[in-house]
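# Tertiary structure, described
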Amino acid sequence: MASTRLERQQIVISESESKRLIDLALAHAGKRVDGVEVTVTGSNFATSRFANNNMTQNQAPERVSVSVRVISGKRQIRLSSDDISQSGIEHLVDNAIKAVALLPEDPTVLPLPALALTEPLARDVDFNRYDRETGEMSADQRSDSVNSMIEAAKKHNLSCAGTYGAGGDSIAIGNSNGMFHYHNESACECSVTAVAANSSGWAKVHNPKSIHVDARALAESAAKNAILSADPKDVPPGKYTVILPPSAVVDLLGFLWGDFSATSHIDKLSSLLGKVGQKVFGENINIKDDVFHPMQAGARFDGEGLPRTVVTLVDKGVVKNLVYGRKSAAKMNAKPTGHGVSEPSPEGEFPVNLVMEGGTASIDEMVKSTDRGILLSRVWYVRLVDPTTILLTGMTRDGTFLIENGKISYGIKNLRFNVSVIDMLNNVLTLGPSVRAAGEDSFPAVVPALKVANFNFSSTTKF
Amino acid sequence: MLEIAKQAVDTATASGASYADARVIERESQNIQTKGMNVSGLNLGNSYGLGIRVLCNGGWGFAATQDLTREGIDKAARKAVEIARASARCMEKPIELAPEPAHKAVWKSPCKIDPFTVSIEDKLAVLFKTAETMLAVKGVTLAQTDMTFIKEHKLFVSSEGAEIDQTFIRSSCGLTANATDDHDRQKRSYPNSFGGQHENAGWEMVGRWDLPGNAQRIAEESVQLLKAPQCPHGVGTVIIGASQLGLQIHESCGHPSELDRALGQEINFAGASFLTPDLLGHLKYGSPIVNLVADATATGALGGFAYDDEGVEAQCVPLVKDGMFVGYLSSRDTANLIGIKRSGGAMRAESWHHQPIIRMTNISLRPGTAGSLADLIANTSDGIYFDTNKSWSIDDRRYNFQFSTEAGYKIKNGKIVGLLKNASYGGITTEFWNSCDAICSQDYVDWGVPNCGKGQPSQTMWTGHGAAPARFRNVQYGIAHS
């Protein structure tokens with residue numbers, strides 16, 4: 001039962017207050033340099049953590065940061081601070097202007113974008129991503145959700161660990177060319193592990209609205225997997241048909257996204273180097289970057305205030321486009337796509353609103369159509385082994401199952417995989433519906449569950 | 001700072017907290033990155049704020065603010081108490097803290113030259129000279145350098161009477177040369193990957209590691225790797241270089257020795273541990289020459305300090321003694337749960353706005369008797385030497401690991417006979433450490449790992465790992481690409 005006796009949290013910094021800070025910095029800089037860009041970020045995301053059916057940590061930090069980029073000819077620098085007092089901001093601006101003069105010229109530095117370039121796209125969509133119930137949730141309400149998960153686990157004689165977090169984040173950016181944008185959004189994240197004697201189960205959801213996060217149902221799902229995977233048996237390593245839930249797909253594909261950055265091609269680091277326009281993945285792979293997608297989150301402007309555009313990255317397996325910041329666009333004679341990160345940065349740009357087109361098959365249907373394979377619940381500690389083919393290694397955890405003759409036979413001990421993402425996306429047999437999914441090694445994205453052939457498991461572990 | 005911390009603690013106790021501690025932290029940072037012959041990143045930052053942690057009705061509450069007015073401090077303190085009361089609704093057993101004297105101290109980490117007194121021009125001169133040298137090597141497609149400097153002034157006050165004033169200066173420097181052809185991407189880094197070497201030290205460490213003097217050798221090797229044969233797949237003798245062994249220690253000894261993991265408190269994200277309390281004093285973790293310690297008193301190493309973030313004095317805690325598992329990294333609340341009389345002093349937080357959790361200090365392998373790396377190679381008839389981490393992964397109990405290194409070197413009859421690319425090795429933690437038959441007595445370095453991730457929300461932490469090269473038998477190698 002939710003309690004309202006505690007004070008709700010407040011939005012950490014409003015649009016008008018953000019603008020006041022930005023205008024203060026711009027006014028103080030005046031015409032002393034060629035360009036000034038100011039970013040104000042705020043966060044009050046609070047997290048309750050629990051384990052062994054006890055709250056172990058409970059934290060509600062609030063933070064506002066301001067950062068100032070100044071451009072003087074072909075020189076630029078960024079300074080950031082938590083001091084948002086008038087004197088603090090003036091000091092920050094003065095220091096930035098003083099420091100930028102010490103730098104050598106860099107021919108790649110661009111002037112600030114013109115105002116016309118930073119006007120947001122007119123889109124007929126509801127872009128309100130802030131939900132008051134979520135952004136202003138109290139500690140007592142978080143405790144209610146934690147208790148509901150503990151109760152669910154106890155019902156099955158299991159212990160329970162996890163987090164329940166909620167709050168808001170904001171970002172505002174303005175510059176001396178007159179641009180100003182503000183975005184705030186709420187987020188609720190719940191993840192839970194149900195722990196049995198020799199097995200466990202896990203579930204996680206991240207959503208802008210807490211109403212879409214059913215903590216008790218997540219705990220029930222985790223408990224079900226913990227029970228189903230009890231007394232895990234050994235299976236030999238080798239190549240298996242594998243069913244990956246959306247959270248695992250997010251964590252594996254997270255290592256692909258950066259290779260669509262134009263800067264990674266300029267630097268000759270991308271696995272897709274020289275492959276734009278070529279068929280690199282299977283016919284059934286379609287991926288775009290779309291900030292406006294209803295299951296996406298985030299601001300509709302990039303690190304320099306340019307409007308984010310929808311970019312088709314992969315169409316029927318063919319690499320169609322890269323994403324560009326202003327600097328890489330200038331080098332590659334392309335148009336910026338609104339994916340730039342805050343300058344100065346070695347990375348240049350990054351797609352952050354990934355949407356992979358799905359299919360219609362449920363995970364149950366995928367299991368039914370599999371003679372022999374493995375169903376994963378979660379991948380863990382995924383790391384890049386070889387950037388040439390995006391060869392990844394990682395482990396399974398929290399419920400891994402052998403499938404035989406269209407049914408789950410039993411839980412198995414965890415396995416290590418070594419898999420190339422490019423190979424994997426050429427071996428997709430079936431796709432589930434796309435959903436907003438959250439993993440641990442990458443940020444949330446909209447992806448389907450996948451059934452993949454020839455997934456390479458190289459070794460086993462002891463549990 | 002002292003007034004701020006005291007007010008926070010006083011307000012919290014007046015609001016009902018049975019215990020409160022406050023950390024006021026002021027941090028200045030400077031990160032410089034070059035790509036090619038340009039400055040690709042020059043980011044200067046400063047941060048100042050208060051974190052207050054309280055116990056009320058047996059539950060923890062934590063709040064943090066940068067509003068350091070009297071009103072802002074009181075608001076944060078009262079909020080922490082409210083949160084603790086909400087926590088107490090989800091407690092089967094109240095938190096209890098192992099005792100610790102209320103220390104009063106002032107301490108500074110070792111530093112000869114304050115890096116914030118060195119001009120940006122002087123720093124860039126070192127980085128550009130390094131970059132120029134790398135780019136002069138034919139075949140290098142991307143040259144990157146990095147320097148980071150952090151000065152942190154931290155004041156800790158507790159309701160038990162502790163007042164601890166610590167100042168840290170951390171410095172780091174590194175280079176990376178990338179080589180790409182139509183078929184392959186290879187890189188070499190120095191002194192280590194992921195930003196280079198990191199220490200509790202000043203500008204003097206930059207001179208000691210001599211980036212320009214090592215740039216050509218490293219750059220040449222990145223290009224040679226493109227043509228080098230693939231690391232073969234097999235089982236045999238491996239020598240692990242000191243920096244790679246530092247990361248091996250971090251993943252396969254440091255993390256599983258964290259008592260919060262061993263008690264299941266991190267099982268939802270970072271994972272649990274195979275080093276469960278019933279094995280303390282009973283598990284043969286490694287061979288008899290393996291001695292591992294958690295040494296926070298090594299103050300020049302990245303995980304060194306005088307007091308942790310709950311006011312516990314720095315200690316050198318044995319984790320593995322003569323091959324036996326004997327100790328944990330612990331905190332005041334977890335020590336109490338398994339009957340350890342005093343916390344090992346491992347609680348730290350990334351910043352003023354993070355709640356402290358158990359973190360590695362300096363988890364180090366004591367040197368052995370095998371002489372230098374050159375001696376160890378000379379005494380090895382057949383094997384592979386692995387140098388500089390490229391990829392790392394381990395299961396959530398810390399048994400099954402797989403590491404890749406930037407370079408492998410084939411050893412035949414006591415000599416290096418060639419370079420190998422895409423070198424990898426893997427195994428099971430206890431089998432691996434029990435196969436250790438030689439540890440060098442020389443070439444020991446306190447390596448710094450600045451990006452250890454743990455906790456929810458995730459925090460990064462500075463940890464240190466003293467290691468000299470060591471040899472292991474019957475290890476599986478080449479598995480990643482097999």
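Residues numbered from 1 in each chain as written. Chains lettered and ligands numbered in written order. Predicted model: local features only at pLDDT ≥ 70, side-chain atom pairs only at ≥ 80, totals over all residues. Heavy atoms only, no water.

### Topic: the overall build of chain B
Broken down by element type, chain B carries 10 helices and 23 strands. Radius of gyration (C-alpha) of chain B: 23 Å, near the 23 Å computed for a compact globule of 482 residues. Taking all 482 residues of chain B together, the buried fraction comes to 67%. Taking the contacts inside chain B whose residues are at least 6 apart along the sequence as the reference set, 75% of them involve residues at least 24 apart. Here chain B displays about 15,400 Å² of accessible surface, and carbon together with sulfur accounts for 51% of that area. Computed over 46 positive and 52 negative side-chain charges, the inter-centroid distance for chain B is 3 Å. (Helix = DSSP H or I, 4+ residues; strand = E, 2+ residues; numbered from the N terminus. Rg over C-alpha atoms; globule rule 2.2 N^0.38 Å. Buried < 20%, exposed > 50% of the residue type's maximum accessible area, 1.4 Å probe, protein only. Contact = heavy atoms within 4.5 Å. Areas by Shrake-Rupley, 256 points an atom, 1.4 Å probe, with all protein chains shown as cover. Lys, Arg positive; Asp, Glu negative; His and termini not counted. Charge placed at Lys NZ, Arg CZ, Asp CG, Glu CD.)

### Examining the overall build of chain A
Across its full length, chain A carries 10 helices and 23 strands. Expected size for 463 residues packed as a compact globule is a radius of gyration near 23 Å; at 24 Å, chain A falls within 12% of this value. For chain A, the residues scored as buried account for 62% of the 463 residues in total. Across chain A, contacts joining residues at least 24 apart in sequence account for 73% of those joining residues at least 6 apart. Entry remark: accessible area of chain A is about 16,900 Å², with carbon and sulfur atoms responsible for 50%. Across chain A, the mean location of the 48 positive side-chain charges is 4 Å away from that of the 51 negative side-chain charges.

### Structural notes on the pattern of salt bridges
For the coordinates displayed, the defined rule picks out 54 salt bridges over all chains. Here A:Lys327 and A:Glu343 are joined by a salt bridge, their closest N and O atoms 3.5 Å apart. Within this pair, whereas A:Lys327 is found in helix α8 (residues 326-331), its partner A:Glu343 is found in the loop between α8 and β13 (354-356), the two being separated by 16 residues in sequence. Judged by relative accessible area, A:Lys327 falls into the partly exposed class, the value being 21%. The buried category is assigned to A:Glu343, whose relative accessible area is 6%. For B:Glu160, the salt bridge goes to B:Arg332, with nearest N and O atoms at 3.0 Å. Of the two residues, B:Glu160 is situated in the loop between β5 (142-158) and β6 (163-180) and B:Arg332 in helix α8 (residues 332-337); the sequence distance between them amounts to 172 residues. Look at B:Glu160 and you get partly exposed, because its relative accessible area is 38%. (Salt bridge = Lys/Arg side-chain N within 4 Å of Asp/Glu carboxyl O.)

### Some points on the side chain of A:Ser458
Looking at the secondary structure, you find A:Ser458 in strand β23 (residues 450-460). Of note is the side chain of A:Ser458, whose polar atom sits 2.9 Å from the side chain of A:Asn418. Non-local contacts of A:Ser458, meaning those with residues more than four positions away in its chain, are made with A:Pro237, A:Arg416, A:Phe417, A:Asn418, B:Gln402 and B:Ile479. (Polar contact = N/O pair within 3.5 Å; in protein donor to acceptor, adjacent residues only side chain to side chain.)

### Topic: the pairing of β23(A)
All names here are of chain A. Burial of β23 is extensive: nine of the 11 residues sit out of reach of the surface. Direction of pairing for strand β9 (residues 238-244) relative to β23: antiparallel, over a ladder of six bridges. Each residue of the ladder has a partner; that of Ile243, found in β23, is Lys451. Looking at chain direction, strand β19 (residues 415-420) and β23 are connected through three bridges and run antiparallel. Counted as the bridge partner of Leu415 is Thr460 from β23. (Pairing = 2+ DSSP bridges.)

### Looking at the nonpolar core
Judged by nonpolar contacts, the single largest core of 61 residues is most densely connected at A:Val36, A:Val38, A:Val40, A:Val68, A:Val70, A:Ile77 and B:Leu42. In terms of residue count, helix α2 (residues 86-100) of chain A provides more of this core than any other element does, seven residues in total. Here A:Val68 is in contact with A:Val36, A:Glu37, A:Val38, A:Ile77, A:Arg78, A:Leu79, A:Leu92, A:Val93 and A:Ala96, once residues within four sequence places are set aside. Within the second largest apolar cluster, 56 residues are counted, among which are B:Ile249, B:Ile439, B:Val449 and B:Phe472. (Core = buried A, V, L, I, M, F, W, Y, C linked by side-chain atoms within 4.5 Å.)

### Topic: the confidence of the model for chain B
Looking at chain B as a whole, the pLDDT averages 97, with 100% of positions reaching at least 70. This complex was scored by the predictor with a pTM of 0.96 and an ipTM of 0.96. (pLDDT = per-residue confidence, 0-100.)

### Some words on the interface of chain B and chain A
Each partner contributes residues to the interface: chain B has 81 residues there, and chain A has 84 residues. Between chain B and chain A lies a buried interface of about 7,000 Å² when both sides are counted; carbon and sulfur atoms form 47% of it. Inspection of the chain B/chain A interface yields eight salt bridges. With a shortest N-O distance of 3.9 Å, A:Arg397 and B:Asp396 are connected by a salt bridge. Summed over the shared surface of chain B and chain A, the number is 56 residue pairs in polar contact (both at pLDDT 80 or more). Of the residues in the side of chain B that touches chain A, the class split is 31 nonpolar, 33 polar and 17 charged. Of the strand pairs in this sheet, strand β5 (residues 75-81) of chain A and strand β2 (residues 38-56) of chain B are connected by four bridges, and their pairing is parallel. Bridging from a neighbouring strand, A:Arg78 pairs with B:Asn43 of β2(B). (Buried area = accessible area lost by both parts, 1.4 Å probe. Nonpolar A, V, L, I, M, F, W, Y, C, P; charged D, E, K, R; others polar.)

### A few points about the pairing of strand β22 (residues 459-467) of chain B
Residue and element names in this part refer to chain B. Among the nine residues of β22, eight are classified as buried, and the element is accordingly described as predominantly covered. One ladder, built from eight bridges, connects strand β21 (residues 445-454) with β22; its direction is antiparallel. Bridging across to β22, Gly453 finds its partner in Thr460.

### Points about the sheet that holds strand β10 (residues 292-295) of chain B
Taking strand neighbours across the sheet as the criterion, the four strands line up as β12-β11-β10-β15 (chain B) in an open arrangement whose pairing is antiparallel. What marks the edges here is a single partner per strand, and that holds for β12 (324-325) and β15 (363-365) of chain B.

### Considering helix α1 (residues 2-14) of chain B
Residues and elements named next belong to chain B. The terminal C-alpha atoms of α1, which comprises 13 residues, lie 18 Å apart, in line with the 18 Å expected from a rise of 1.5 Å per residue. Of all the positions in α1, only Ile4, Ala5, Gln7, Ala8, Val9, Thr11 and Ala12 are classed as buried. Those residues of α1 hidden inside the fold are in contact with β1 (19-35), β2, α2 (70-88) and β5. Immediately beyond the C-terminal end of α1, within one or two residues, lies Gly16, with a positive phi of roughly 120 degrees. (Expected span 1.5 Å × (residues − 1).)

### Things to note about the packing of helix α1 (residues 15-29) of chain A against α2(A)
Residue and element names in this part refer to chain A. It is at 9 Å that the axes of α1 and α2 come closest, and there the two elements cross at 45 degrees. In terms of axis orientation, α1 runs oblique to α2. Like other packed secondary-structure pairs, α1 and α2 cross with a definite hand, here right-handed. Contacts between α1 and α2 involve Leu21, Leu24, Ala25, His28 and Ala29 from the first element and Gln86, Ile89, Glu90, Val93, Asp94 and Ile97 from the second. (Axes fitted to C-alpha atoms, helices over the stretch in contact; angles between N-to-C directions. Parallel < 35°, antiparallel > 145°, perpendicular 65-115°, else oblique. Left-handed = near helix turned anticlockwise from the far one by under 90°.)

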